[in-house]
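Understanding the architecture of this molecule
Each chain, written out:
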Amino acid sequence: MRVLVAEPISQEGLTKLQAELETDIRYGLSRQELLRVIGHYTGLIVRGHIRVDDELLGRGKRLKVVGRAGTGVDNIDVEAATRRGILVVNAPESNTVSAAEHTMALLLGQMRNLPLATALVRKGRWKEARIRGVEVLGKTLGIIGLGRIGSLVSQMAQGMGMRVVAYDPYIPLERFERFGAERMATLEELLHCSDFITVHTPKNEETYGMIGKREFQLMKDGVRVVNCARGGIINEEALYQALKSGKVKSAALDVFDQEPCRENPLFELDSVAFTPHLGAMTVEAQRKVGKAIAEEMIRAMKGELVRYAVNLPSVKPKLLPHISPYISLAERMGSLYTQLFRPQMGEVEIQYRGEITDYNLQLVTTGFLKGLLNPILEEKVNLVNASLVAEERGIKVKETRMRQSDDKGSLLTLQGKEGKVSGTVYGKKDLRITGIDGFQVDFVPSGHILIDYHSLPHTTTPGIIGQIGMVLGRAGVNIKKIQVEGDPQREMAMMVLNIDNLLPPEAKEELLKIEGLLEVRPIKL
Ligand code: NAD
Ligand code: MLT
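Counting restarts for each chain, with residues numbered from 1 along the sequence as it is written. Written order determines the labels here, with chains lettered from A and ligands numbered from 1. Only residues with pLDDT of 70 or above have their local features reported here, since the model is predicted, and side-chain atom pairs are shown and tallied only from 80 upward, although totals for entire chains, interfaces and linings are computed over all residues. Side-chain calculation: all heavy atoms of the structure are included, whereas hydrogens and water are not.

1. Considerations on the domain arrangement of the protein chain
As a reminder of what qualifies: Throughout the structure description, domain borders are defined by an automatic or database domain assignment.
Its domain assignment divides the protein chain into domain 1 (2-94 + 284-301), domain 2 (96-274), domain 3 (315-446) and domain 4 (447-525). Put simply, the middle of domain 2 and the middle of domain 3, counted by C-alpha atoms, are 48 Å apart.

2. A short note on the site of ligand 2
Convention followed: In these notes, residues near a molecule or strand are those with any non-hydrogen atom within 4 Å of it. For the purposes of these results, a polar contact is taken to be a pair of N or O atoms within 3.5 Å, where, inside protein, one atom must be able to donate a hydrogen and its partner to accept one; residues adjacent in sequence count only when each atom of the pair is a side-chain atom. In this description, accessible areas are obtained by the Shrake-Rupley approach with a 1.4 Å probe, and a residue is regarded as covered only by the protein chains that are shown. Think of it as three bins: nonpolar holds Ala, Val, Leu, Ile, Met, Phe, Trp, Tyr, Cys and Pro, charged holds Asp, Glu, Lys and Arg, and polar takes everything else, Gly as well.
Close to ligand 2 lie Arg47, Arg68, Gly70, Thr71, Gly72, Asn95, Arg230, His277 and Ala280, which account for all nearby residues. Between ligand 2 and threonine 71 there is a distance of 2.6 Å, counted from an oxygen atom to a backbone nitrogen or oxygen. One of the side-chain N or O atoms of histidine 277 is found 2.6 Å from an oxygen atom in ligand 2. Taken by itself ligand 2 offers 260 Å² of open surface, and the protein chains cover 86% of this. When the residues that make up the shell around ligand 2 are grouped by side-chain class, the tally is one nonpolar, five polar and three charged.

3. Observations regarding the packing of aromatic side chains
Keep this limit in mind: Working definition: a ring pair exists when centres of Phe, Tyr or Trp rings (six-membered ring for Trp) sit within 6.5 Å. Plane angles under 30 degrees give stacked, over 60 give edge-to-face, the rest tilted. Helix and strand assignments follow DSSP, with helices taken as H or I runs no shorter than four residues and strands as E runs no shorter than two, numbered in order from the N terminus. Geometrically, a charge over a ring is one whose NZ (Lys) or CZ (Arg) sits within 6 Å of the ring centre while staying within 35 degrees of the ring normal.
Under the criterion given, the structure shown has six aromatic pairs. Centre to centre, the rings of tyrosine 337 and phenylalanine 341 are 4.8 Å apart; their planes meet at 65°, and the pair counts as edge-to-face. Here the residue tyrosine 337 and the residue phenylalanine 341 both occupy positions in helix α13 (residues 320-341), the gap between them amounting to four residues, near one helical turn. Over the aromatic face of phenylalanine 176 sits the side chain of arginine 183, whose NZ or CZ is 6.0 Å from the ring centroid. A cation sits over an aromatic face here: arginine 490 above phenylalanine 439, 4.4 Å from the ring centre.

4. Digging into the sheet that holds strand β16 (residues 420-426)
The line we're drawing: In this scheme, strands are said to pair when DSSP sees at least two bridges between them. Fitting a line to C-alpha atoms yields each axis, with helices limited to the stretch in contact; the angle taken between N-to-C directions then spans 0 to 180 degrees. Throughout, a residue-residue contact means that at least one pair of heavy atoms, one from each residue, lies within 4.5 Å.
Spatial ordering of the open sheet is given by β14-β13-β15-β16-β17-β18, a layout of six strands whose pairing is mixed. Among the strands making up the open sheet, the edge pair consists of β14 (396-402) and β18 (439-443). Along the sheet, successive strands turn relative to each other by an average axial angle of 20°, direction set aside. Direction of pairing for strand β13 (residues 347-353) relative to strand β15 (residues 411-415): antiparallel, over a ladder of five bridges. Looking at β15, one finds that glutamine 351 is bridged to threonine 413. On the sheet, α13 packs against β15, β16, β17 (430-436) and β18 and is oriented at approximately 155° with respect to β16.

5. Considering the side chain of glutamate 296
Keep this limit in mind: To sort residues, take the accessible area from a 1.4 Å probe on protein chains only and compare it with the maximum for the residue type: under 20% means buried, over 50% means exposed, and anything in between is partly exposed.
Examined against the element boundaries, glutamate 296 turns out to sit in helix α12 (residues 283-301). By relative accessible area, which is 1% here, glutamate 296 ends up buried. Within the structure, glutamate 296 has its side chain in polar contact with the side chain of arginine 299 (distance 2.5 Å). Setting aside residues up to four positions removed in sequence, glutamate 296 forms contacts with Val89, Asn90, Val306, Arg307 and Tyr308.

6. Quick notes on the pattern of salt bridges
Put simply, the rule is: One speaks of a salt bridge when a side-chain nitrogen belonging to Lys or Arg is within 4 Å of a carboxyl oxygen belonging to Asp or Glu.
As enumerated under the stated definition, the model contains 30 salt bridges in all. In this structure, arginine 130 and glutamate 128 form a salt bridge, with 3.3 Å as the shortest nitrogen-oxygen distance. When its relative accessible area of 44% is taken as the criterion, arginine 130 is described as partly exposed. Note that aspartate 442 and arginine 432 form a salt bridge whose closest N and O atoms lie 3.1 Å from each other. Taken together, the positions of aspartate 442 in strand β18 and arginine 432 in strand β17 put the pair 10 residues apart, joining distant regions of the chain. For aspartate 442, a relative accessible area of 27% translates into the label partly exposed. Relative accessible area serves as the criterion here: at 16%, arginine 432 is assigned to the buried category. Ionic contacts of the salt-bridge type, sharing partners, join the residues Arg31, Arg51, Asp53 and Glu55 into one network.

Here it is, written out as structure tokens:
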């Protein structure tokens, strides 16, 4: 497994990667070079400059993971990655503090006209009226997007005696209360009442240009604005006009529509302060980002669950050990179901019982879909694209949960119109299949398994077991474990054999000649 680090990350991150994975550090590759070499790599690490689009992902025939050393993934076509089953991970918490502190610097710096004051002092000028500042105490700060950075900015601003209002339609009221921000039901409400406005949303179709000409008109006269999120969330042309007209008193920008930004009409204006995308550029943040993305890449490459997956349902890091075995169980149950029943895949029902229902089970459900689809599809189905592939194939999933369970702890059941499989986890990670179609079984879902159904006239059963053993012995297939479960009402029995190696097709044919043996299914999990 080879990882390409295509943009700079901290030495600490590089050292971690090099200790665990074959790592190539190749900064400054041209687009053409990157397209040419990407096919050699299973992992790619970028920051914000390299465009990881469908073309690049398509050339990455071996690519499994793209790591974004930072927060914003607007340079990555996440949808295309998902379609291709490529996991995208980022390091979103590592630069939150730096970005929030930089936002405060941009806010306070413009309150006291620092850029202009510096320029004047350099020219030998002193205390001009136009550089008189304002205090922030008691003023209203409007925060658009109360996520990681927005919420920290809220706390910092309150520490300076500001009133904070926030607009974020995607979070519960409880989060506004937790971070001491008054919830604004609409963006307009926030624009009307804020003395200063700062944006902290991701850049996407909805937010790009969300602050434009109309929004500036709705703001208070003399408002001051900050953009330390992504260029273009505040429309640059509209901002220019609003500054020229005096509607906006001043602004500070860390990010630009086009980066690097070498020319911009805004550069003419003394009322704007600029930094060249410095929000995360602190010693501490860079160290943390490098380390975090290296750890994510290593985890993903080892097939472990990652902490910050962009295109997978997220699981809180401390819950990972509880959820992981159930994801693994669900994958095996799904695969067993498909190999055993050869279903048509219309609708499946997944039932969760017991303690497991206390957790977010999205990934476990995705695990079932991955298991169901993998044995029958040519394309690679993994946790990243399983839900999408299932949706494309019209598979409907019904999920039910019941907190109460019998004595088995947590129980998972997969039911379709063809049959039913149940399973559980003993202890911390001992996976077991506990039921198939009403037969109570207890076997480890791993390796080669042979499942047969045979009729149950009492006299035949011992004979059948012996005959099966002989056929397998002749074929050189070693039996590790056998269990037989009869059902007198159906006059049928099920036998599950854990075997050492693949059942040769001739041996299967021979088995089917045994009288009373109804069906044989070799399964590989
Ligand atoms: P986050 O995902 O934690 O928070 C984003 C918040 O925006 C969420 O609460 C979300 O609900 C909200 N939101 C989404 N759409 C919205 C809309 N239309 N209106 C209002 N709210 C909306 O992200 P974060 O880590 O806080 O990062 C925020 C931004 O800062 C991102 O754009 C990120 O790329 C950028 N960033 C910049 C730098 C820098 O160097 N300048 C550093 C880190 C992050
Ligand atoms: C981020 O999204 O993490 C920041 O914009 C910083 C960066 O891209 O390095």
